[in-house]
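Commentary on secondary and tertiary structure
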Amino acid sequence: MSSGLFVGLATVDVVQRVERAPGPNEKVVSLRADVSAGGPATNAAVTFAALGGRATLLSVVGGGPLAALVRGDLAEHCVEVVDADTAGSSRPALSAVTVVDATGERSVVSRNAEGVEVDTPPELAELAASADVVLVDGHHPRLTLAAVTAAHRAGTPVVVDAGSWKPVLAEVLPLATAVICSSDFRLPDGQPPGPALLDDGPALVAVSAGAEPLRWWSRGGSGTVPAPAVAARDTLGAGDVLHGAYAFGVAEGRSPVEALELAVRVASLKVGHIGPRSWLTDPELLTVARGGTP
C-alpha cells in the first residue's frame, strides 16, 4: 500500500447549500447542511485514502469539541492524524461555506491557521522518509518547511498545493518536485504561474482551471489534460481532491502526466456530487483509481 504524508491545514467546514447567495442583511434557509473536516491538506489526505493509499495528516488539531469532530471524521475515512499541538491548547479553524445549488460554485470564509504556531514533532523526519510522497499546502509555515526539508533529504517526492502565495513558498519551491497551482494563484509580483516556476527547482508545474483543461510544464515539454464533461453540482474542495489524487498517482509510481490525468478524472468525479464526502461512495471511484474512466 502506497503511503502519503500530508502537511497543512485542518478546519471544520460548515457547508450550507442555497438556491442563491444571500445579499446584505438577508437571511435565507439552506437546502442542505453538511459538517466535516476540511482544509487543503486534509481533503487531499481523505482523497489519497479513498483511492487505496495509507494517508497520514500532520496538522494542528488541538482540543475541544471541534477537534473531536475533525478526528472522528478523519478516522472514519481512514486518515491517521499526527497533531503538532501535543498540549491540546489550540482549536481548529471554523470555515463557513456557501454553495449555490444551480452552479455548484462556493464561497468560503475561514480564519485558516492565522496566529497558530507550534513546534515540529520529533517524528517528522521519519514520517517524511517512510512516505512515498509528501504534500504540503503551506498553511503552517514551520511544519511545511520542516516537512519539505526532511522529504528532500530522504529523496521523497514533494507536491506543493499552491492555492495562493504564502511567504514560505519562497523556501519550499527549490525543494519541491511538483507544484500544482490554482488559476487564481499569483506570484508576489502579480504574475500568474507558468513555466518560469521551473527555474525555482520543481520538475513539474501545473495550473488547474476548473472545467477548462489543466495546463502543465516540465523541462521535457508541456501539454494539457482535458477535464471530462460533467455537470458541476459542488466545486468545494475540488482542487484539494485533485492534489490528493495526483499525490496518489505519484506514490503509485505513475509518470507525472499519468498522475495528472488521474487527478483530473478524480476531481471531475467529485464535482458531480453534492456534499463534501458523498462522492467517496461512488462505485466509479475505484474504476478511476485503477486507471479506467468513469
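The coordinates are above.
Bear in mind that the values here come from a model prediction, so they are computed numbers and not experimental data. (Residues numbered from 1 in each chain as written. Predicted model: local features only at pLDDT ≥ 70, side-chain atom pairs only at ≥ 80, totals over all residues. Heavy atoms only, no water.)

1. As for the sheet that holds strand 3 (residues 32-38)
Rule in force here: A pair of strands is considered paired only if DSSP assigns at least 2 bridges between the two. Every helix listed is a DSSP run of H or I at least four residues long, and every strand listed is a run of E at least two residues long, numbered separately from the N terminus. For helices, the fitted line uses only the C-alpha atoms of the stretch in contact; every axis is such a line through C-alpha atoms, and the angle between N-to-C directions lies from 0 to 180 degrees.
With mixed pairing, four strands are arranged side by side in an open sheet as 3-2-6-7. The outermost strands of the open sheet, each flanked by one partner alone, are strand 3 and strand 7 (106-110). Neighbour-to-neighbour, the strand axes of this sheet turn through a mean angle of 20°, independent of strand direction. Examined bridge by bridge, strand 2 (residues 11-18) and strand 6 (residues 93-100) share eight bridges and lie parallel to one another. Bridge assignment links Gln16 to a residue of strand 6, and that residue is Thr98.

2. Considering the packing of helix 6 (residues 238-251) against helix 7 (residues 256-271)
The cut-off we apply is this: Handedness of each helix crossing follows the sense of rotation of the near helix against the far helix: counterclockwise by less than a right angle gives left-handed, clockwise gives right-handed. We call two residues in contact whenever any of their non-hydrogen atoms come within 4.5 Å of each other. When residues are grouped by polarity, Ala, Val, Leu, Ile, Met, Phe, Trp, Tyr, Cys and Pro land in nonpolar, Asp, Glu, Lys and Arg in charged, and all others, Gly among them, in polar.
Across the interface, helix 6 lies against helix 7 with an axial gap of 7 Å and an inter-helix angle of 145°. Crossing hand, helix 6 versus helix 7: right-handed. Contacts between helix 6 and helix 7 involve Ala238, Val241, Leu242, Ala245, Tyr246, Phe248, Gly249 and Val250 on the former and, on the latter, Pro256, Ala259, Leu260, Leu262, Ala263, Val264, Val266, Ala267, Lys270 and Val271. A per-class count over the contact of helix 6 with helix 7 returns 16 nonpolar, one polar and one charged.

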